[in-house]
Amino acid sequence: MQAGAVPFAAILVPMILAYLTVAAFERICPFRPVWNRSVGDIRVDASFAVLDLGVERFVQFAIAPVAAAAGAWTSATLAVDLWPHAWPLVGQLILALVVAELPKYWGHRFMHEWDFLWRFHAVHHSVPRLYWLNASRFHPVDLGIDTALGVATISFVGCNAEVIALFILVTVIHGIFQHCNIKLRLGPLNWFFSMAELHRWHHSRELAEANNNYGNNLIVWDVVFGTRFLPDDREPPEDVGLSELEAFPMTFGAQLAAPARWNEIKERSAAER
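Summarised in this report is the structure supplied together with it. As the structure is a prediction and not an experimental result, all values here were calculated from the model. (Residues numbered from 1 in each chain as written. Predicted model: local features only at pLDDT ≥ 70, side-chain atom pairs only at ≥ 80, totals over all residues. Heavy atoms only, no water.)

Further remarks concern the pattern of salt bridges. Evaluation of the coordinates by the stated rule reveals nine salt bridges. Its salt-bridge partner being Asp41, residue Arg129 comes within 2.8 Å of it at the nearest N-O pair. Of the two residues, Arg129 sits in the loop between α5 (115–125) and α6 (140–156) while Asp41 sits in the loop between α2 (12–28) and α3 (42–78), which places them 88 residues apart along the sequence. Residue class for Arg129 comes out buried when judged on its relative accessible area of 4%. The exposure class assigned to Asp41 is buried, which follows from its relative accessible area of 3%. (Salt bridge = Lys/Arg side-chain N within 4 Å of Asp/Glu carboxyl O. Helix = DSSP H or I, 4+ residues; strand = E, 2+ residues; numbered from the N terminus. Buried < 20%, exposed > 50% of the residue type's maximum accessible area, 1.4 Å probe, protein only.)

In structure tokens form, the structure reads like this:
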């Protein structure tokens, strides 16, 4: 970017390298070897990855200019600069992550607590194992809302294209590590990042465990609102997935249509128990 490259083009190479690196280390030092075995889910995850790449870019380029214009008007009206443009780039990135995480935290939490939104977010929690590619298994509506909350917030307060591009880069790479099947320990950094050690509990079938750790990149708002969960007396569950939704479909097309068939899925699940 400093050499004049378009910000959103400059981040492509590190994204690709991150995918390759994580995929390789899952084979070298897996957290759970059984999660490295395909259970017929790779095609579904890959299909969502292709679809959601388009959804993310569409939302980013549609939302950012509108939010930036609204923020510029607000800044001019209040005669206050909403963003510390003089800060070093790294400082601006950290602040952007913290600021954007607040609406994303509540958006994610409402996805779990409001049945209408859960019907979309359930697609992500349908994964039968955790590995790098299912970081992309999101229903387009779910992903669109989450992307819009983050990009709109940092665009509104005045982040420039470089900061937004770095924010997207960190979000993508962190998301891969968040779902990775790698033995890794963050130690004290688990109080800042919302990475794999915390996120594995979020995919538990037990709702008391799963309805925690809502942070997308950071765990700081979970700390503030009391939803950080990382017990030190046991390992996260190997059996992950949806609770009480035995009839939830597992193919790509059926998962896209699942929100429209939500009541039917719940009725069939209740009948199977």
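Past the structure itself, the notes keep going.
When a protein is soluble and globular, its nonpolar side chains tend to lie buried together. With 29 residues, the main nonpolar core has Ile154, Cys159, Phe167 and Ile168 as its most contacted residues. Listing elements by their share of this core, those giving two or more residues are α2, α4 (89–113) and α7 (161–178). When sequence neighbours within four positions are dropped, the list of residues in contact with Ile168 reads Phe8, Ile11, Met15 and Gln60. Counting eleven residues, the second largest nonpolar core, distinct from the first, contains Phe48, Ala122, Trp262 and Ile265. (Core = buried A, V, L, I, M, F, W, Y, C linked by side-chain atoms within 4.5 Å. Contact = heavy atoms within 4.5 Å.)

Enumeration according to the criterion identifies 14 aromatic pairs in this entry. Ring centres of Phe48 and Phe252 lie 4.9 Å apart, and the angle between their planes is 80 degrees; this geometry places the pair in the edge-to-face category. One end of the pair, Phe48, is in helix α3; the other, Phe252, is in helix α11 (residues 252–257), with 204 residues separating them in the sequence. A relative accessible area of 0% means that Phe48 is categorised as buried. For Phe252, a relative accessible area of 25% corresponds to the partly exposed category. Plain terms: the ring middles of Trp106 and Phe110 are 5.8 Å apart, the flat faces sit at 40 degrees to each other, and that makes the pair tilted. (Phe/Tyr/Trp six-rings, centres within 6.5 Å; stacked < 30°, edge-to-face > 60°.)

As a further point, take α3. Across its 37 residues, α3 extends 51 Å between first and last C-alpha, which sits within 8% of the 54 Å expected from 1.5 Å per residue. Of all bends in α3, the biggest is about 25 degrees, found at Ile63, and the proline Pro65 comes one to four residues later. After α3 finishes, the residue Ala79 shows a positive phi value of roughly 55 degrees. (Expected span 1.5 Å × (residues − 1). Bend = angle between axes of the 7 residues up to and from the residue.)

Let us look at the packing of α2 against α7. Running from amino to carboxyl end, α2 crosses α7 at an angle of 10 degrees, the nearest separation of the two axes being 10 Å. In this view, α2 runs roughly parallel relative to α7, as classed from their interaxial angle. When α2 is examined against α7, the residues Pro14, Met15, Ala18, Tyr19 and Val22 are found in contact with a partner set consisting of Ile168, Leu169, Val172, Ile173, Ile176 and Phe177. Its residues assigned to classes, the contact of α2 with α7 shows eleven nonpolar, no polar and no charged. (Axes fitted to C-alpha atoms, helices over the stretch in contact; angles between N-to-C directions. Parallel < 35°, antiparallel > 145°, perpendicular 65-115°, else oblique. Nonpolar A, V, L, I, M, F, W, Y, C, P; charged D, E, K, R; others polar.)

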